[in-house]
Amino acid sequence: MFNREYQLKTNDNPNGNCVVYLMSRDQRIKDNHALIAAQNIAQQEKLPLAVLFNIHFNVGYRSQEHYRFMIDGLKQIESVCQKKNIKFIVTIGNPKNELLSTLNSLDPRNLILDFNPLNGPKKIRKMLKSKLDCEITLVDTHNIIPTWVLSDKEEYAAHTIRNKVHKQLKNWLIEPETINKHPYKWSKETRVNNWKIIQSSLLKVASNGSIIKQKSGEVHAIEALKDFVDYRLNNYAISRNDPTIDGQSNMSLYLHYGQISSLRIILEILKICDDEPLLFKKGKLASFEGKHTQLDSINAFFEELIVRKELADNFCFYNENYQSKNGFKKWAYNSLEAHKKDSREFIYSVDELSAKQTHDRAWNAAQSEMMQTGKMHGYMRMYWAKKILEWSTTVD
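The structure presented is a predicted model; accordingly, all values stated were derived computationally and were not measured. (Residues numbered from 1 in each chain as written. Predicted model: local features only at pLDDT ≥ 70, side-chain atom pairs only at ≥ 80, totals over all residues. Heavy atoms only, no water.)

## Digging into the overall build of the protein
Per the secondary structure count, the protein includes 17 helices and six strands. Here the C-alpha atoms of the protein give a radius of gyration of 22 Å, agreeing with the 21 Å that 2.2 N^0.38 yields for 396 residues. Its C-alpha atoms put the protein at 70 × 50 × 40 Å along the principal axes. Each of the 396 residues in the protein was classed as buried or not, and the buried ones make up 48%. For the protein, the share of sequence-separated contacts (at least 6 apart) that also reach a separation of at least 24 residues comes to 78%. The centroid of the 56 positive side-chain charges in the protein is displaced by 3 Å from the centroid of its 46 negative side-chain charges. (Helix = DSSP H or I, 4+ residues; strand = E, 2+ residues; numbered from the N terminus. Rg over C-alpha atoms; globule rule 2.2 N^0.38 Å. Buried < 20%, exposed > 50% of the residue type's maximum accessible area, 1.4 Å probe, protein only. Contact = heavy atoms within 4.5 Å. Lys, Arg positive; Asp, Glu negative; His and termini not counted. Charge placed at Lys NZ, Arg CZ, Asp CG, Glu CD.)

## Notes on the side chain of Arg232
Structurally, Arg232 can be placed in the loop between helix H8 (218-231) and helix H9 (236-239). In this structure Arg232 comes out as buried when scored by relative accessible area, which is 9%. Looking at Arg232, its side chain comes within polar contact range of the side chain of Asp227, at 2.6 Å. Only 2.7 Å separates the side chain of Arg232 from the backbone oxygen of Gln248, close enough to count as a polar contact. The residues touching Arg232, leaving out its near neighbours within four places in the chain, are Asp227, Asp246, Gly247, Gln248, Ser249 and Asn250. (Polar contact = N/O pair within 3.5 Å; in protein donor to acceptor, adjacent residues only side chain to side chain.)

## Some remarks on the environment of Glu78
Its location among the elements puts Glu78 in helix H2 (residues 64-83). Relative accessible area serves as the criterion here: at 14%, Glu78 is assigned to the buried category. Along the chain, Glu78 and Val51 lie 27 residues apart, while their C-alpha atoms are 9.1 Å from each other.

## A short note on the pattern of salt bridges
Using the criterion set out here, one finds 18 salt bridges in the structure. Two residues, Arg25 and Asp313, come together in a salt bridge whose shortest N-O distance is 2.8 Å. Here Arg25, found in the loop between strand S2 (18-22) and helix H1 (33-45), pairs with Asp313, found in helix H13 (residues 294-318); they are 288 residues apart in sequence, far enough to count as distant. Across the pair, Asp313 and Arg25 agree in class, each one buried. For Glu268, the salt bridge goes to Lys271, with nearest N and O atoms at 2.9 Å. Owing to a relative accessible area of 26%, Glu268 belongs among the partly exposed residues under this scheme. In this structure, a network of salt bridges that share partners links the residues Asp31, Glu175, Arg264, Glu268 and Lys271. (Salt bridge = Lys/Arg side-chain N within 4 Å of Asp/Glu carboxyl O.)

## Observations concerning the sheet that holds strand S6 (residues 135-139)
The six strands are arranged S1-S6-S5-S2-S3-S4 in an open sheet whose pairing can be described as mixed. Edge positions in the sheet fall to strand S1 (5-9) and strand S4 (87-92), since each of these pairs with one other strand and no more. Each adjacent strand pair in this sheet contributes to an overall mean axis angle of 25°, direction not counted. As defined by bridge partners, strand S5 (residues 108-114) adjoins S6 across five bridges and the pair is classed as parallel. Of the residues in S6, the one forming a bridge with Leu113 is Leu138. Here H2 sits on the sheet in contact with strand S3 (49-55) and S4, set at roughly 165° to S3. (Pairing = 2+ DSSP bridges. Axes fitted to C-alpha atoms, helices over the stretch in contact; angles between N-to-C directions.)

## With respect to the packing of helix H11 (residues 262-270) against H13
Running from amino to carboxyl end, H11 crosses H13 at an angle of 160°, the nearest separation of the two axes being 11 Å. Classed by the angle they form, the pair H11 and H13 counts as roughly antiparallel. Our pair here, H11 against H13, has a crossing hand that is left-handed. Residues Ser262, Ile265, Ile266, Ile269 and Leu270 of H11 lie in contact with H13, whose contacting residues are Ile298, Phe301, Phe302, Leu305, Ile306 and Lys309. In the contact of H11 with H13, the residues fall into nine nonpolar, one polar and one charged. (Parallel < 35°, antiparallel > 145°, perpendicular 65-115°, else oblique. Left-handed = near helix turned anticlockwise from the far one by under 90°. Nonpolar A, V, L, I, M, F, W, Y, C, P; charged D, E, K, R; others polar.)

## Focus: a nonpolar patch on the surface
A surface patch of nonpolar side chains, amounting to about 300 Å² of accessible area, comprises Phe328, Tyr333, Leu389 and Val395. Looking at where Val395 falls in the secondary structure, it is placed in the segment after helix H17 (378-390). (Patch = residues over 30% accessible without salt bridge, like charges linked within 9 Å, V, L, I, M, F, W, Y side chains within 5 Å. Areas by Shrake-Rupley, 256 points an atom, 1.4 Å probe, with all protein chains shown as cover.)

## Quick word on the side chain of Asn13
With respect to the element layout, Asn13 can be found in the loop between S1 and S2. In this structure Asn13 comes out as buried when scored by relative accessible area, which is 12%. In terms of polar contacts, Asn13 uses its side chain to reach the backbone carbonyl oxygen of Pro108, at 2.9 Å. Those residues in contact with Asn13 that lie beyond four places of it in its chain are Asp107, Pro108, Arg109, Asp133 and Cys134.

## Some remarks on the nonpolar core
In terms of nonpolar packing, the biggest core is built from 72 residues, with Ile55, Phe88, Ile265, Phe301 and Ile306 touching the most fellow members. In contact with Ile265, other than residues within four places in its own chain, are Leu225, Met251, Leu255, Ile260, Phe301 and Leu305. If you look at the next biggest cluster of nonpolar residues, it comprises 22 residues, including Cys18, Leu52, Leu100 and Met127. (Core = buried A, V, L, I, M, F, W, Y, C linked by side-chain atoms within 4.5 Å.)

## Quick notes on unusual backbone geometry
In this structure, Asp31 takes a positive phi of about 60° despite not being glycine. Summarising the element assignment, Asp31 is placed in the loop between S2 and H1. Using a relative accessible area of 6% as the deciding quantity, one classes Asp31 as buried. Backbone geometry at Asn85 places phi at a positive 60°, although glycine is not the residue there. Relative to the assigned elements, Asn85 resides in the loop between H2 and S4. For Asn85, a relative accessible area of 19% corresponds to the buried category.

See below:
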């Protein structure tokens, strides 16, 4: 059996009152290996089970629209947890203070965390490990292959990680267990989530004016997947790079908030696949000539969903400088240094870029789409980002 778990702390707390899953990146019940692990332990130990989630409203780059989408999904998780006799607890505020206070009150025998490669969650994991006296386990239920299993180092590029994906992929395509109604009830009262206070805090967060048309929650994520498979997947190979048509999967928002797993998407697509995808046969970048087939589209989509997505987690996990130019590959850094004094035909300020005040109609359209919908077409993102570098006086 292939293991998605990584033991962070083995301290035993034999008098602990419960098992807690600290949900963060993977905001769903179905196909959530962290929650599955938590319930399995709780059933073995004959203990009640809780899911804990902390909302931190002081994250500067998130708008009211982002939080609203997330909160709508969390309300649905609470409803499902109630039916399954699982306590769902939402806290608000600084994660260090709120999580420690709540966890000390719950006194868990075991704490399960879902995996996030970013520096902030790493600091939280380190803090919890030093402050709590219980067993702590990290579970990667976001990636198909756990990041630390797929590679033990920062990969150079897609072509270096692709063959590692190819060699391991089949082993991890296993239908997850389902979450059952939990047999052990809470013997004491726990806090009741106050959604009015959460809503009040939400309204204090600045709005960016975008209108997110997609509906939040894992039920809607599954519906969106079905819509993609039924109507757009067959032509994905030729349509995904055309920003004038609706040819993409539209799954990125649900994947970002963990309302659906990459694994579920892959398993559902494999049900309609008549032949093995290329990534199962060899670690080679897919291509085709002439008229495309459904398999060509599946190959193109798997490249994005598996290779490129898991490469991003690999980069952030193994490169602590992922947010700055200090994290650039040497060749990229040297290239920027060599050309930083080059003359530029156009230079725009941040305010001008934000207001779509450039000479480039295509760039302005991409910026406008992002501002209006909260999403930018995948093919335009690279162009959009490269032009910002071209039109700025410094990479900083």
